[in-house]
Every structure is written in structure tokens, then in C-alpha cells.
Amino acid sequence: GSLYRVNLSDKNYKIVSGAYQFGGLDGIASYKNGLLVSSNPTGELYAIVGDKRILVEKFEKGLADISVNDQVLHIPFIFDGRVSAYRIHGMEQK
């Protein structure tokens, strides 16, 4: 699938160019001037900045919905029943 940006006032939408035909997206979180998105089937975490898609890290399969609080990324792993937290700057485990 692809990711779209929706304007709620006028209901117009457009594709996020860095997320066109992206695949099995599961989680999405806004961070600074871009987005962090996770792929459950592959365990990959990407940053979408402008029209670029950047692989941030590859985790085990089952990477689910993600959230960001300050500079901490919270990642649930649905197959393991656990949640991990990582500092976004260097992705060091917290």
C-alpha cells in the first residue's frame, strides 16, 4: 500500500511521495520534519522525510504500532508480547 496525507478542512488528499507503494505498513509516528513508519511483516523501521525513504533499523518480524514521546521511540513486538524503548538519536536501547 501507499501512505496519503489528508487535509481535514477541505478533504483533499495526496500521496506521500516517499511512501508510495510501500508495502505492509503497521505503525506511523510523526517525528520532527518527517514520519517514522514500521513494517510488521519485515520488522523494518523507516524514516520518511520529503520524498526520501530511509531504512533506520531492522528488527525481528512483528514490529507493530509505534509511538514517539520526546526522543524515545516505543516499539511493541506483537509476537513476543513485549515493548522496547529506543532513543531516536542513535537508536541506542534505553
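What you see is a predicted model, and the numbers here were worked out from it, not measured in a lab. (Residues numbered from 1 in each chain as written. Predicted model: local features only at pLDDT ≥ 70, side-chain atom pairs only at ≥ 80, totals over all residues. Heavy atoms only, no water.)

Describing the pattern of salt bridges
Taken as a whole, this structure holds three salt bridges when the rule is applied. A salt bridge links Glu44 to Lys58; the nearest nitrogen and oxygen atoms lie 4.0 Å apart. Taken together, the residues span a long stretch of sequence, with Glu44 in strand β5 (residues 44-49) and Lys58 in strand β6 (residues 52-58) at a distance of 14 residues. When its relative accessible area of 17% is taken as the criterion, Glu44 is described as buried. (Salt bridge = Lys/Arg side-chain N within 4 Å of Asp/Glu carboxyl O. Helix = DSSP H or I, 4+ residues; strand = E, 2+ residues; numbered from the N terminus. Buried < 20%, exposed > 50% of the residue type's maximum accessible area, 1.4 Å probe, protein only.)

Points about the sheet that holds strand β4 (residues 34-39)
Hydrogen bonds between backbone atoms are what pair the strands of a sheet, whose relative direction is either parallel or antiparallel. The strand order β3-β4-β5-β6 describes an open sheet built from four strands, whose pairing is antiparallel. A single partner strand is all that each edge strand has here, and the edge strands are β3 (25-31) and β6. Sheet twist, expressed as the average angle between the axes of neighbouring strands with direction ignored, equals 25 degrees. Sheet topology note: the β4/β5 ladder contains five bridges and is antiparallel. What sits directly across from Leu36, in β5, is Ala47. (Pairing = 2+ DSSP bridges. Axes fitted to C-alpha atoms, helices over the stretch in contact; angles between N-to-C directions.)

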